[in-house]
Amino acid sequence: MSRRLLFRRLQELVGDAPSFILLEGITYYLKLRSLHALLSGCGKIQQPRSLLACDFWDASLAENPTFRRLTSFFSSRFGFDASRYLFLDPARFHQLAEYEVVEETDVQSLEKRFLRSEILQDSSAIIPEHYVVLRRRP
């Protein structure tokens, strides 16, 4: 699907109403330029005060043992080169013209906040995702 067709379809769905867009499981597979184009395009479509949320990986993940196993698996099974993954500094989201950051969090913090378990606290045993919620600027 072309970017133009994607944004046209999103515009049809969103219309003139407040909206919530969830980008889940895709930021790490995009090139930085493509991610910025996607966020900018969503910012042009969404009404002020609408929300957009996404998950992302930060640069520290490159040293994570679980991530290394994952990249090895994807490389051997699908030929996906590990250097193609996108790691983001959370500060990038604060630099977006169309959005302001409402919340930044991660899977471990959310487990502490909402669950009584500590299963996800061992970052060497999981792929620690980060999350951001953005609000369309007025």
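Check the entry above for the structure.
Criteria and thresholds
- Residues numbered from 1 in each chain as written.
- Predicted model: local features only at pLDDT ≥ 70, side-chain atom pairs only at ≥ 80, totals over all residues.
- Heavy atoms only, no water.
- Salt bridge = Lys/Arg side-chain N within 4 Å of Asp/Glu carboxyl O.
- Helix = DSSP H or I, 4+ residues; strand = E, 2+ residues; numbered from the N terminus.
- Buried < 20%, exposed > 50% of the residue type's maximum accessible area, 1.4 Å probe, protein only.
- Axes fitted to C-alpha atoms, helices over the stretch in contact; angles between N-to-C directions.
- Parallel < 35°, antiparallel > 145°, perpendicular 65-115°, else oblique.
- Left-handed = near helix turned anticlockwise from the far one by under 90°.
- Contact = heavy atoms within 4.5 Å.
- Nonpolar A, V, L, I, M, F, W, Y, C, P; charged D, E, K, R; others polar.
- Pairing = 2+ DSSP bridges.
- 1 Å grid on protein atoms, 1.4 Å probe; cavity = no way out; pocket = protein on both sides within 12 Å on 5 of 7 lines; lining within 4 Å.
- Points joined across faces, edges and corners; volume = space filled by probe spheres on them.
- Phe/Tyr/Trp six-rings, centres within 6.5 Å; stacked < 30°, edge-to-face > 60°.

**A word on the pattern of salt bridges**
Here comes step 1: One pass over the structure, following the stated rule, counts 4 salt bridges.
Here comes step 2: One salt bridge in this structure joins Arg9 and Glu12, with 3.1 Å as the shortest N-O distance. Placement of both Arg9 and Glu12 in helix α1 (residues 3-14) is noted, with a separation of 3 residues, approximately one turn of the helix.
Here comes step 3: Here Glu12 falls in the exposed class, since its relative accessible area comes to 54%.
Here comes step 4: Here Arg68 makes a salt bridge to Glu63, at a shortest N to O gap of 2.5 Å.

**Side note on the packing of α1 against helix α2 (residues 32-45)**
Here comes step 1: Axis separation between α1 and α2 bottoms out at 10 Å; the angle between their running directions is 30 degrees. Classified by the interaxial angle, the pair formed by α1 and α2 is roughly parallel. For α1 against α2, the interelement crossing comes out right-handed. Every residue of α2 that contacts α1 at Arg3, Leu6, Phe7, Leu10, Gln11 and Val14 is listed here: Ser34, Ala37, Leu38, Gly41, Cys42 and Ile45.
Here comes step 2: Looking at side-chain class alone, the contact of α1 with α2 contains 8 nonpolar, 3 polar and 1 charged residues.

**Observations regarding the sheet that holds strand β3 (residues 99-106)**
Here comes step 1: Strand order in the open sheet formed by 4 strands is β1-β2-β4-β3, with mixed pairing between adjacent strands. Of all the strands in the sheet, just β1 (20-23) and β3 have a single pairing partner and so form its edges. Strand-to-strand twist in this sheet, taken as the mean axis angle between neighbours without regard to direction, amounts to 15 degrees.
Here comes step 2: Helix α5 (residues 107-114) contacts β3 and β4 (130-136) of the sheet and is inclined by roughly 75 degrees relative to β3.

**Let's talk about the environment of Gly25**
Here comes step 1: Residue position: Gly25 is located in the loop between β1 and α2.
Here comes step 2: Residue class for Gly25 comes out partly exposed when judged on its relative accessible area of 26%.
Here comes step 3: Gly25 sits 104 residues away from Glu129 along the chain, and the two C-alpha atoms are 9.8 Å apart.

**Some details on empty space enclosed by the protein**
Leftover empty space is mapped by rolling, across the atoms, a probe with the size of a water molecule.
Here comes step 1: This structure, assessed with the given rule, holds 1 cavity of 30 Å³ or more.
Here comes step 2: Each pocket or cavity is described by its volume, and for the largest cavity that value is around 40 Å³.
Here comes step 3: If you trace the largest cavity, you find it lined by Leu32, Leu35, His36, Leu39, Leu88, Arg92, Phe93 and Leu96.
Here comes step 4: At the level of secondary structure, the elements contributing two or more residues to the lining of the largest cavity comprise α2 and α4 (91-94).
Here comes step 5: The biggest single contributor to the lining of the largest cavity is α2, with 4 residues.

**As for the packing of aromatic side chains**
Two numbers describe a pair of aromatic rings. These are the distance of the centres and the angle of the planes.
Here comes step 1: Within this structure, the stated rule accounts for 14 aromatic pairs.
Here comes step 2: Aromatic side chains Tyr28 and Tyr29 sit 5.3 Å apart centroid to centroid with 75 degrees between the ring planes, which places their arrangement in the edge-to-face category.
Here comes step 3: Tyr28 sits in the buried class, given a relative accessible area of 5%.
Here comes step 4: Look at Tyr29 and you get partly exposed, because its relative accessible area is 38%.

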